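# Topology and contacts: notes
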Amino acid sequence: MKKIVGSIVNIKRFEIHDGDGLRTTLFVKGCPLQCRWCHNPESISPKSALGYYAHKCIGCGNCVPACPYGAHTVDKDGHIFHRDRCQACGKCAEACMANALLFYGQHVTPEEILPQLTADMAFYKNSGGGVTISGGEPLLQSEFCAEVLRLLQAQGINTAVDTCLFASREQLDCVIPYTNTFLVDVKAIDTELHRALTGQPNTRILENIRYLDAMGKDMEVRIPYVPGQNSGEIEKIAEFLSTLHCLKGVRVLPYHDLSGTKYASLDMQYPLAGTDTPIPSTEAVEAARDTLRAHGIKVLTK
Ligand code: SF4
Ligand code: SF4
């Protein structure tokens with residue numbers, strides 16, 4: 001039988017914002033979009049990578065012998081990470097007790113991670129929770145995710161997939177039978193604006209939302225609210241969402257700028273750096289929610 005292997009970023013327990021109840025969230029690697037405000041830059045590339053958080057380094061030198069490629073040196077001035085020598089094997093991250101080195105892109109089988117995903121079964125039952133696959137984009141690894149979801153459902157665990165839906169119909173069909181709820185991002189209705197904000201048009205995304213709706217699948221929509229970027233789209237998004245039948249509710253997710261250290265750890269440029277994109281005011285976010293409510297849409301705030 002073919003071995004199914006996925007690339008993951010991490011697994012977080014006791015999450016309360018990734019669907020109903022208390023959840024464990026599996027973050028997978030690789031995304032077809034590049035949203036300007038992305039808070040998870042470590043998930044964008046499908047390739048494995050090492051994040052170096054210099055402010056956490058205590059200069060212990062444990063990483064030096066751990067690396068087969070000489071990518072770490074420590075001298076009297078401290079530790080230096082030579083990214084050009086790194087082959088992304090992850091060995092040094094295991095040796096770093098200070099969590100200054102984080103490895104993104106571990107290759108695992110569904111069976112290998114199942115014990116971690118099912119460890120909090122008692123909490124899922126008591127809270128109405130379960131397991132969510134997020135990313136990155138789960139549908140880029142649809143075969144791997146479908147198998148993880150299938151194994152979870154076989155144990156009676158509620159499943160959710162957090163997706164941008166920029167995926168082929170085949171990729172989506174692969175996970176539908178094993179997914180209880182889809183958490184779907186909607187960033188813009190204007191397709192050219194969507195392309196400018198994310199690098200891709202939204203035609204396929206909107207078609208996939210309608211497809212899930214026609215199939216009667218539970219959907220929760222998330223709208224990132226980013227002033228000056230997509231904040232002018234709320235009325236159009238509300239009009240679109242008001243035509244759906246299987247919408248459980250909509251969340252407005254206010255922009256924040258707390259991911260700068262993640263970009264720096266990967267030597268990546270933060271796309272919104274220097275654009276003076278403000279954190280939205282409480283009033284602006286509430287106005288966006290009111291726009292949705294005015295279209296008869298249930299707004300989720302907890
Ligand atoms: S193992 Fe971690 S804390 Fe120690 S020198 Fe290397 S990066 Fe710094
Ligand atoms: S991830 Fe591997 S190759 Fe890269 S620095 Fe660490 S040990 Fe060296």
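For every chain, the first residue of its written sequence is number 1, and the numbers climb from 1 along that sequence. Starting at A for chains and at 1 for ligands, labels are handed out in the order in which the entities are written. With the structure being a predicted model, the display of local features is reserved for residues of pLDDT at least 70 and the display and counting of side-chain atom pairs for 80 or more, all residues being used for whole-chain, interface and lining totals. Based on all heavy atoms of the structure, the side-chain values leave hydrogens and waters out of the count.

### Things to note about the overall build of the protein
Our working definition: Helix and strand assignments follow DSSP, with helices taken as H or I runs no shorter than four residues and strands as E runs no shorter than two, numbered in order from the N terminus. The cut-offs for exposure are 20% and 50% of the maximum accessible area for each residue type, with area from a 1.4 Å probe on protein chains only; residues under the lower value are buried, those over the upper are exposed, and the others partly exposed. Whether two residues are in contact is decided by their heavy atoms: any pair within 4.5 Å suffices. Methods summary: accessible areas were calculated by the Shrake-Rupley approach with a probe of 1.4 Å, and residue burial reflects only the protein chains presented.
Scanning the protein from N- to C-terminus turns up 11 helices and 12 strands. Put simply, the protein has 302 residues, and 49% of those count as buried. Contacts in the protein between residues far apart in sequence, at least 24 positions, make up 71% of those at least 6 positions apart. For the protein, the computed accessible surface area is about 14200 Å², with 52% contributed by carbon and sulfur atoms.

### Structural notes on helix 8 (residues 203-214)
Along an α-helix, a turn takes 3.6 residues, which lines up residues three or four apart on a common side. For the record, the criterion: A helix's residues, less one, multiplied by 1.5 Å, set its expected span. This arc corresponds to the set of directions leading from the helix axis out to the C-beta atoms.
Taking 1.5 Å of rise per residue, the 12 residues of helix 8 would be expected to cover 16 Å, and the 17 Å separating its terminal C-alpha atoms lies within 8% of that figure. Residues of helix 8 that are buried include every one of Ile205, Leu206, Asn208, Ile209, Leu212 and Asp213, and no others. When helix 8 is viewed along its axis, its buried side chains cluster within an angular range of 160° and face the same direction. Once helix 8 finishes, Gly216 follows within two positions and takes phi at roughly 75°, a positive value.

### Quick notes on the side chain of Arg289
Here Arg289 shows up in helix 11 (residues 282-294). Its relative accessible area of 15% is what places Arg289 among the buried residues.

### Observations concerning the nonpolar core
Inclusion rule: What we call a nonpolar core is a set of buried Ala, Val, Leu, Ile, Met, Phe, Trp, Tyr and Cys residues that are connected through their side-chain atoms within 4.5 Å.
Ranked by size, the top nonpolar core spans 64 residues in total, and within it Leu26, Ile113, Phe144, Phe182, Ile209, Leu241 and Leu292 carry the most contacts. For this core, the element with the most residues is helix 5 (residues 142-154), which contributes seven residues. For Phe182, the contacting residues outside a window of four places in its chain are Val161, Thr163, Leu172, Val175, Ile176, Leu212, Lys217, Asp218, Met219 and Glu220. Of all hydrophobic cores here, the second largest spans 11 residues; its members include Tyr52, Ala71, Ala93 and Cys96.

### Regarding the packing of aromatic side chains
To keep it simple, the criterion reads: Put simply, two rings from Phe, Tyr or Trp (the six-membered ring, in Trp's case) pair if the centres are within 6.5 Å, and we call them stacked under 30 degrees between planes, edge-to-face over 60, tilted for the rest.
Enumeration according to the criterion identifies three aromatic pairs in this entry. Between Tyr52 and Phe81, the ring centres sit 6.0 Å apart and the planes meet at 70°, which makes this aromatic pair edge-to-face. With Tyr52 in strand 3 (residues 49-52) and Phe81 in strand 5 (residues 78-81), the pair connects residues that are 29 residues apart, well separated along the chain. Among the residues examined, Tyr52 registers a relative accessible area of 16% and is labelled buried. Its relative accessible area of 13% is what places Phe81 among the buried residues. Ring centres of Tyr263 and Tyr270 lie 4.8 Å apart, and the angle between their planes is 50°; on these two criteria the pair is classed as tilted.

### Notes on the pairing of strand 1 (residues 6-15)
Filter applied, for reference: Should DSSP find at least two bridges between two strands, the strands are taken to pair.
Two elements, strand 1 and strand 7 (residues 106-108), share three bridges in a ladder whose sense is antiparallel. Considered in strand 7, the bridge of Gly6 is made with Val108. Bridge analysis of strand 1 against strand 2 (residues 23-28) gives five bridges, and the strand direction is antiparallel. Bridge pairing in strand 2 links Ile8 to Val28.

### Observations regarding the site of ligand 2
The condition that has to hold: For this purpose, a residue is taken to be near a molecule or strand whenever a single non-hydrogen atom of the residue falls within 4 Å of it. Here a cavity denotes a set of grid points, spaced 1 Å apart and computed over the protein atoms alone, in which a 1.4 Å probe fits but from which it cannot get out, and a pocket denotes an open set meeting protein on both sides within 12 Å along at least five of seven lines; residues with an atom within 4 Å of a point are reported as lining. To be counted as sitting in a cavity or pocket, a molecule needs more than half of its atoms within 2 Å of that site's grid points. Any residue outside Ala, Val, Leu, Ile, Met, Phe, Trp, Tyr, Cys, Pro, Asp, Glu, Lys and Arg is labelled polar, Gly included; the first ten of those are nonpolar and the last four are charged.
The environment of ligand 2 is made up of 14 residues, and the closest members are Cys67, Cys86, Cys89, Gly90 and Cys92. Given that more than half its atoms are within 2 Å of the pocket grid, ligand 2 belongs to the second largest cavity. Looking at the shell around ligand 2 residue by residue, the class counts come to 10 nonpolar, three polar and one charged.

### Some details on the domain arrangement of the protein
Here is the rule: For every domain, the bounds stem from an assignment made automatically or drawn from a database. Note: buried area is the sum, over both parts, of the accessible area (probe 1.4 Å) each one loses when the two are combined. Think of a salt bridge as a Lys or Arg side-chain nitrogen and an Asp or Glu carboxyl oxygen that are within 4 Å of each other.
Taken as a whole, the protein is organised into domain 1 (6-47 + 109-294) and domain 2 (49-104). Between domain 1 and domain 2, the C-alpha centre-to-centre distance is 31 Å. With 10 residues of domain 1 at the interface, the matching set in domain 2 holds eight residues. Of the roughly 700 Å² buried at the junction of domain 1 and domain 2 (both faces included), carbon and sulfur atoms supply 60%. In this assembly, domain 1 and domain 2 are joined by one salt bridge. We note a salt bridge from Arg83 to Asp267, for which the minimum N-O separation is 3.0 Å. Tallying contributions element by element places helix 10 (residues 260-265) first for the side of domain 1 that touches domain 2, with three residues. By residue class, the composition of the side of domain 1 that touches domain 2 is three nonpolar, two polar and five charged.

### Side note on the packing of helix 9 (residues 234-241) against helix 11
To keep things clear, this is the line we draw: For every element, the axis is a line fit to its C-alpha atoms; helices are fit only across the contacting stretch, and the angle between N-to-C directions ranges from 0 to 180 degrees. Angular relationships are summarised with four words: roughly parallel below 35 degrees, roughly antiparallel beyond 145, roughly perpendicular across 65 to 115, and oblique for the angles in between. Left-handed is the label given to a crossing in which the near helix is rotated counterclockwise from the far helix by less than a right angle, and right-handed is the label when the rotation is clockwise.
Relative to each other, helix 9 and helix 11 sit at 30°, their axes nearing to 9 Å. Judged on the interaxial angle alone, helix 11 and helix 9 are roughly parallel. The interaxial crossing formed by helix 9 with helix 11 has right-handed handedness. Within the contact between the two elements, helix 9 uses Ile234, Glu235, Ala238 and Leu241 and helix 11 uses Ala288, Thr291 and Leu292. Partitioned by chemical class, the residues of the contact of helix 9 with helix 11 number five nonpolar, one polar and one charged.

### What about the site of ligand 1?
Taken together, Cys57, Ile58, Gly59, Cys60, Gly61, Asn62, Cys63, His79, Cys96, Ala98, Ala100 and Leu101 make up all the residues around ligand 1. The cavity that encloses ligand 1 is the largest cavity. Tallied by class, residues from the shell around ligand 1 come to eight nonpolar, four polar and no charged.

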